[in-house]
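# Structure at a glance
The chain contents come next:
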Amino acid sequence: MASGKIRIYLKGYDYKLLDSSAKRIIETASKSGATVVGPLPLPTKIKKYTVIRSPHVNKASREQFEMRTHKRMIEINNSSQKTISELSSINLPSGVGIEIRQL
C-alpha cells in the first residue's frame, strides 16, 4: 500500500481516555511520515434509562440514568507499510473501542 488512506474510529464512555488515545495514535502516525487529519469529534450518543424507584407506594417516583458514548475520527493520508505496522503495535487502554477502515 503505497499511499493509502486510513480512517480510524474511536469509541468510549470516558472522553479523557478517548482524547489521550487519539493523541497517541496521531503521534505514532506522524512519526512514520504520514499526514494526519483529526481527531474530529463525532456526535455523542446519549442513551437514557428510566427506572421506577419503588414498585409499591411511590410508583410515580422515577429515577433517570444516562450513558454517553463519545466518538472521535482520525484520518491518515499517505500511509505506508511502516505506518500500518506501528499502528498495529499500539497498546490502547481498556474502555476504548477502535475500528480501522482502509479507503
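Coordinates for the structure precede this section.
In what follows, the accompanying structure is described. Throughout this document, residue positions are counted from 1 along each chain, in the order its sequence is written. Local features are withheld for residues below a pLDDT of 70 in this predicted model, meaning they are given only at 70 or higher, and side-chain atom pairs are given and counted only at 80 or more; totals for whole chains, interfaces and linings count all residues. Side-chain figures throughout are based on the complete set of non-hydrogen atoms in the structure, without hydrogens or water.

### Comments concerning the pairing of strand 1 (residues 4–12)
Following DSSP output, two strands are said to pair if at least two bridges run between them. Per the convention used, a helix needs a DSSP run of H or I reaching at least four residues, while a strand needs a run of E reaching at least two, with both numbered from the N terminus. Relative to strand 3 (residues 62–79), strand 1 runs antiparallel, the two being bridged by eight bridges. Bridge pairing in strand 3 places Leu10 opposite Arg72.

### As for the environment of Ser88
Mapping Ser88 onto the fold places it in helix 2 (residues 81–88). A relative accessible area of 60% means that Ser88 is categorised as exposed. Polar contacts involving the side chain of Ser88 include one to the main-chain carbonyl oxygen of Ser85, which spans 2.8 Å. Categorising residues by exposure relies on relative accessible area from a 1.4 Å probe, with only protein chains included: less than 20% of the type maximum marks a residue as buried, more than 50% marks it as exposed, and the intermediate range marks it as partly exposed. Here a polar contact is taken to be a pair of N or O atoms separated by no more than 3.5 Å, where protein atoms must pair a possible hydrogen donor with a possible acceptor and residues adjacent in sequence count only if both atoms sit in side chains.

### Focus: the environment of Val36
Note that Val36 resides in strand 2 (residues 35–52). Along the primary structure Val36 and Thr50 are separated by 14 residues, whereas in three dimensions their C-alpha atoms are 41 Å apart. When residues no more than four places from it in sequence are discounted, the contact partners of Val36 are Ile26, Ala29, Ser30, Ile74 and Glu75. By definition in these notes, contact holds between two residues if any of their heavy atoms fall within 4.5 Å.

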